[in-house]
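# Descriptive analysis of the structure
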Amino acid sequence: MIDLRSDTVTKPSAGMRAAMAAAEVGDDVYGDDPTVNRLQAVAAERFGFQSALFFPSGTQSNLAALMAHCGRGDEYLVGQEAHTYKYEQGGAAVLGSIQPQPLENEPHGGIAIERIAAAIKPDDFHFARTRLLALENTIGGRVLPADYQHEVTEFAHARGLATHLDGARIYNAVVKRDVDERTAVSGFDSVSVCLSKGLGAPAGSVLVGSRDLIAAARRWRKALGGGMRQVGVLAAAGLFALENNVRRLAEDHVNAQFLAGGLRALGLNVISPQTNVVYVDVPPLHVTGLQAHLQARGIIATVGTRLRLVTHLDVTHADLTAVLRAIGDYDWKTKT
Ligand SMILES: Cc1ncc(COP(=O)(O)O)c(C=O)c1O
């Protein structure tokens, strides 16, 4: 099977499994797991923060960060397209009593500074207290422009807001921009980094931030059910991913370009990928037929009017050639 639904579908490699099997472990709720502690130290150092905390998932890492930044009745500004707003069941509101103020995303994936300025509530008891700006990088495979990142985080801080980055795929931005982690996240007060997307670990995210912020997030992590015990086996996968699977993300980006070029040559409308996500327009009449056609050829994709195809560790150039052949064979004239 060739699975292009997401980069979350990657399976741990033999090397990663060996590192997991060999991991030294302890009870991480007591702070006793040496492998988790090492992962946290490595992440804090690489991203240039005082502290880091390991989470089972990116959803929980983001939520604990939002809850650490904002209290009950506070508000965070967030893009309409952002994962924390749209794809995490509104956890900030449901579990954190934090009001989201969703704002339209710009084509580059950020939120216009004027829009942010207009959304910050005055200090008046009619309003929620605007506390935080949350952005995402990469977002829908797009890399936030460096100048924008600098300006928007300076602006937020000048207006008294904290800044959080959902960096589920920050390493795709690191590799694409060819910068180090510190540069890639400069201006943010906290960053959630996923190890289980393009980096290929089976689970796990790390939140980085100040000592105080991470202490608050640690309390929320326990309340959210994320206090894990001998979880060094997963942290070892994360450390292996950071050591071995970062630079190779460039291959995923090249593969995405190859796929996009091939699809364009087939006459399809393709959005040029910046990293590992390719979007293709599919006429509504063909959504069901194309999905079935691909499935019959061992290709898994979530086909919609905007088809999203994601390249990753477990998809080769040869696989993509097979995908292009399969899509080329599809009969676009037949209405389904
Ligand atoms: C941008 C982004 N943020 C956060 C998450 C949440 O990560 P998890 O699935 O580990 O909860 C995802 C998951 O796909 C994501 O794409």
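So, here is what we can say about the structure in this document.

Criteria and cut-off values
Residues numbered from 1 in each chain as written. Predicted model: local features only at pLDDT ≥ 70, side-chain atom pairs only at ≥ 80, totals over all residues. Heavy atoms only, no water. Helix = DSSP H or I, 4+ residues; strand = E, 2+ residues; numbered from the N terminus. Rg over C-alpha atoms; globule rule 2.2 N^0.38 Å. Buried < 20%, exposed > 50% of the residue type's maximum accessible area, 1.4 Å probe, protein only. Contact = heavy atoms within 4.5 Å. Areas by Shrake-Rupley, 256 points an atom, 1.4 Å probe, with all protein chains shown as cover. Lys, Arg positive; Asp, Glu negative; His and termini not counted. Charge placed at Lys NZ, Arg CZ, Asp CG, Glu CD. Near = heavy atom within 4 Å. Polar contact = N/O pair within 3.5 Å; in protein donor to acceptor, adjacent residues only side chain to side chain. 1 Å grid on protein atoms, 1.4 Å probe; cavity = no way out; pocket = protein on both sides within 12 Å on 5 of 7 lines; lining within 4 Å. Sits in = over half its atoms within 2 Å of the grid points. Nonpolar A, V, L, I, M, F, W, Y, C, P; charged D, E, K, R; others polar. Core = buried A, V, L, I, M, F, W, Y, C linked by side-chain atoms within 4.5 Å. Axes fitted to C-alpha atoms, helices over the stretch in contact; angles between N-to-C directions. Parallel < 35°, antiparallel > 145°, perpendicular 65-115°, else oblique. Left-handed = near helix turned anticlockwise from the far one by under 90°. Points joined across faces, edges and corners; volume = space filled by probe spheres on them. Expected span 1.5 Å × (residues − 1).

## Some points on the overall build of the chain
Broken down by element type, the chain carries 14 helices and 12 strands. Relative to a compact globule of 336 residues, whose C-alpha radius of gyration would be 20 Å, the chain shows 21 Å and is just as compact. With respect to the three principal axes, the spread of C-alpha positions in the chain is 60 × 50 × 35 Å. The buried share among the 336 residues of the chain stands at 54%. By sequence separation, contacts in the chain at least 24 residues apart represent 74% of the contacts at least 6 residues apart. As presented, the chain carries roughly 14,700 Å² of accessible surface, and 52% of it is formed by carbon and sulfur atoms. With 33 positive and 35 negative side-chain charges, the chain shows a separation of 4 Å between the mean positions of the two kinds.

## A look at the site of the ligand
With respect to spatial proximity, the complete set of residues near the ligand consists of Ser 57, Gly 58, Thr 59, Asn 62, His 83, Glu 88, Glu 136, Asp 166, Ala 168, Arg 169 and Lys 197. Between a nitrogen atom of the ligand and a side-chain N or O atom of Asp 166, the distance comes to 2.6 Å. Contacts to the ligand include Lys 197, whose side-chain N or O atom sits 3.0 Å from an oxygen atom. Protein chains shield 81% of the accessible area of the ligand, which is 380 Å² for the free molecule. A molecule is said to occupy a pocket when more than half its atoms come within 2 Å of that pocket's grid points, and by this definition the ligand occupies the largest pocket. It is helix α3 (residues 58-69) that provides the largest number of residues to the shell around the ligand, a total of 3 residues. Each residue belonging to the shell around the ligand can be placed in one class, and the counts come to 1 nonpolar, 5 polar and 5 charged.

## Considerations on the nonpolar core
Phe 54, Ile 116, Leu 133, Leu 135, Ile 170 and Tyr 171 are the most contacted members of the largest nonpolar core, which totals 55 residues. Among the elements that line this core, the one with the most residues is helix α11 (residues 232-244), at 7 residues. Core analysis: the second largest hydrophobic core is formed by 26 residues, Ile 2, Val 280, Ala 301 and Ala 326 among them.

## Digging into the packing of α3 against helix α10 (residues 211-223)
Running from N to C, α3 and α10 point in directions that differ by 120 degrees, and their axes come no closer than 8 Å. Classed by the angle they form, the pair α3 and α10 counts as oblique. Here α3 and α10 pass one another in a crossing that is right-handed. Each of Gln 60, Ala 64, Met 67, Ala 68 and His 69 in α3 lies in contact with α10, whose residues at this interface are Leu 213, Ala 216, Ala 217, Trp 220 and Arg 221.

## Side note on the layout of surface pockets
Quantified by volume, the largest pocket comes out at close to 840 Å³. Taken together, 31 residues make up the lining of the largest pocket; nearest its centre are Glu 136, Ile 139, Gly 140, Tyr 279 and Arg 308. Secondary-structure elements contributing two or more residues to the lining of the largest pocket are α3, α4 (83-86), β10 (277-281) and β12 (306-310). Take the lining of the largest pocket: its biggest share by element is 3 residues, from α3. Across the lining of the largest pocket, the residue classes tally to 8 nonpolar, 13 polar and 10 charged. In this structure, the second largest pocket encloses a volume near 170 Å³.

## Side note on unusual backbone geometry
Going from Asn 137 to Thr 138, the amide bond is cis rather than trans, its omega being -5 degrees. Tracing the backbone shows Thr 138 in the loop between β5 (129-136) and α7 (146-158). Positive phi, close to 55 degrees, is recorded for Ser 97, a residue that is not glycine. Judged by its relative accessible area of 35%, Ser 97 is partly exposed.

## Here we look at α3
A rise of 1.5 Å per residue sets the reference length of α3, with its 12 residues, at 16 Å; its end C-alpha atoms lie 16 Å apart and thus fit the reference within 8%. Most of α3 is tucked away, with 10 of its 12 residues classed as buried. Taken together, the buried positions of α3 are occupied by Gly 58, Gln 60, Ser 61, Asn 62, Leu 63, Ala 64, Ala 65, Leu 66, Met 67 and His 69. Regarding α3, its N-cap is Ser 57, as a side-chain oxygen of that residue lies 3.1 Å from the backbone nitrogen of Gln 60 further along.

## Some remarks on the environment of Ala 18
Along the chain, Ala 18 falls in helix α1 (residues 14-21). Owing to a relative accessible area of 48%, Ala 18 belongs among the partly exposed residues under this scheme. The spacing of Ala 18 and Phe 127 is 109 residues in sequence and 53 Å in space, taken between C-alpha atoms.

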